[in-house]
Amino acid sequence: MQPKETPADFPIEDLIARRWSPRSFTDQRVDPGALSRCLEAARWAASCFNEQPWRYLVADRHADPEGHERLASCLVEANAAWATKAPVLLLVCARTTFTRNDKANRHAGYDAGQATAQLALQATAEGLVLHQMAGFDAQAARERCAIPEEYEPYAMIALGHHGPADALEGELREREAAPRSRRPQAEFVYGSRFGETR
Ligand SMILES: Cc1cc2nc3c(=O)[nH]c(=O)nc-3n(C[C@H](O)[C@H](O)[C@H](O)COP(=O)(O)O)c2cc1C
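In this text the structure is predicted, and so the values were computed from the model without any measurement.

Peer 1: Sorry if this is basic, but what is going on with the packing of aromatic side chains here?
Peer 2: The relative placement of two aromatic rings is captured by the distance of their centres and the angle of their planes. Enumeration according to the criterion identifies two aromatic pairs in this entry. Taken together, a centroid distance of 5.5 Å and an interplanar angle of 90 degrees make the contact between Phe49 and Phe98 edge-to-face. You can see Phe49 sitting in the loop between α2 (32-43) and β1 (54-60) and its partner Phe98 sitting in the loop between β2 (88-95) and α5 (108-125), a full 49 residues away along the chain. The class for Phe49 is exposed, based on a relative accessible area of 57%. When the ring centre of Phe49 is taken as reference, the NZ or CZ atom of Arg100 above it lies at 4.0 Å.

Peer 1: What is the right way to read the state of the cysteines from this model?
Peer 2: What is meant by a disulfide is a covalent connection between two cysteines, made through their sulfur atoms. Here the structure, examined in full by the defined rule, presents zero disulfides. Cysteine Cys93 shares no disulfide, and the gap to the nearest cysteine sulfur, in Cys145, comes to 7.7 Å.

Peer 1: Teacher, can you tell me more about the pairing of strand β3 (residues 129-133) here?
Peer 2: Each regular strand carries side chains that alternate between the two faces of the sheet. Of all five residues that make up β3, four are buried, and the element is covered over most of its length. Bridge count between β3 and strand β4 (residues 151-160): five bridges; the pairing is antiparallel. Across the sheet, residue Met133 finds its bridge partner in β4, namely Met156.

Peer 1: Even after reading the chapter, I still don't get the packing of α2 against α5, so can you show me in this structure?
Peer 2: Remark: α2 packs on α5, axes separated minimally by 7 Å, with the N-to-C direction vectors making an angle of 145 degrees. Considering only the axes of α2 and α5, their crossing is right-handed. Contacts between α2 and α5 pair Arg37, Cys38, Leu39, Ala41 and Ala42 from the former with Ala115, Gln118, Leu119, Gln122 and Ala123 from the latter. Partitioning the contact of α2 with α5 into residue classes produces seven nonpolar, two polar and one charged.

Peer 1: Would you mind going over the site of the ligand with me for this structure?
Peer 2: Close to the ligand lie 13 residues, the nearest being Ser21, Arg23, His131, Arg180 and Arg182. His131 has a polar side-chain atom sitting 2.8 Å from a nitrogen atom of the ligand. In this structure, Arg182 approaches the ligand through a side-chain N or O atom, which is 2.7 Å from an oxygen atom. Protein coverage of the free-state accessible area of the ligand, which is 620 Å², stands at 62%. Looking at the shell around the ligand, the elements that each hand over two or more residues are α4 (77-83) and β3. A per-element tally of the shell around the ligand places β3 first, with three residues. Of the residues in the shell around the ligand, the class split is four nonpolar, five polar and four charged.

Criteria and cut-off values
- Residues numbered from 1 in each chain as written.
- Predicted model: local features only at pLDDT ≥ 70, side-chain atom pairs only at ≥ 80, totals over all residues.
- Heavy atoms only, no water.
- Phe/Tyr/Trp six-rings, centres within 6.5 Å; stacked < 30°, edge-to-face > 60°.
- Helix = DSSP H or I, 4+ residues; strand = E, 2+ residues; numbered from the N terminus.
- Buried < 20%, exposed > 50% of the residue type's maximum accessible area, 1.4 Å probe, protein only.
- Lys NZ or Arg CZ within 6 Å of the ring centre and 35° of its normal.
- Disulfide = S-S within 2.5 Å.
- Pairing = 2+ DSSP bridges.
- Axes fitted to C-alpha atoms, helices over the stretch in contact; angles between N-to-C directions.
- Left-handed = near helix turned anticlockwise from the far one by under 90°.
- Contact = heavy atoms within 4.5 Å.
- Nonpolar A, V, L, I, M, F, W, Y, C, P; charged D, E, K, R; others polar.
- Near = heavy atom within 4 Å.
- Polar contact = N/O pair within 3.5 Å; in protein donor to acceptor, adjacent residues only side chain to side chain.
- Areas by Shrake-Rupley, 256 points an atom, 1.4 Å probe, with all protein chains shown as cover.

As structure tokens, this is what we get:
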């Protein structure tokens, strides 16, 4: 399956340009070694005080159909429609307090996102695709997956091999083919004052 075109304004690393979030997955099993390498890439992310607040709940349908079903049951319908086909589902959580002093860690989400970005790039390098999702029931996930109170469930991830766009129907198929778009740098890169042109 071809990666989507990334019309970058400046040349960027191929791995970054190739990562995108498709919705069509094949049932092909994800090599357990590749999955471990993706999680290892997350492991080596930077984090505030090296707290490493991220936690990943992982279920491979081929090895653990019950776990896959448990995670899938937390997805909102619009995501479940395509994401449950992915052979691996993950739930990204982060500890919102520091283990060293139990004080609030306001960078926990930042760190978990950074770890997941590394996971996504490793997945791309492995020839895999993934799609992160905020559309899930966090309270249901907390209960069904026994997530302790001091951990926040941030996102779910569908991971696997890219499938053909025509395996999707209607609007989903159109979105699979839609061009990638981004704000220009001028909209998010400022001088030393917020909003100031650089
Ligand atoms: C935290 C987060 C939550 C997201 N939630 C959803 C979601 O619930 N459903 C969905 O279809 N896509 C979701 N996405 C995917 C984004 O829509 C996608 O990353 C964005 O449109 C940019 O496209 P790209 O990843 O292909 O570059 C989410 C992405 C992130 C990072």
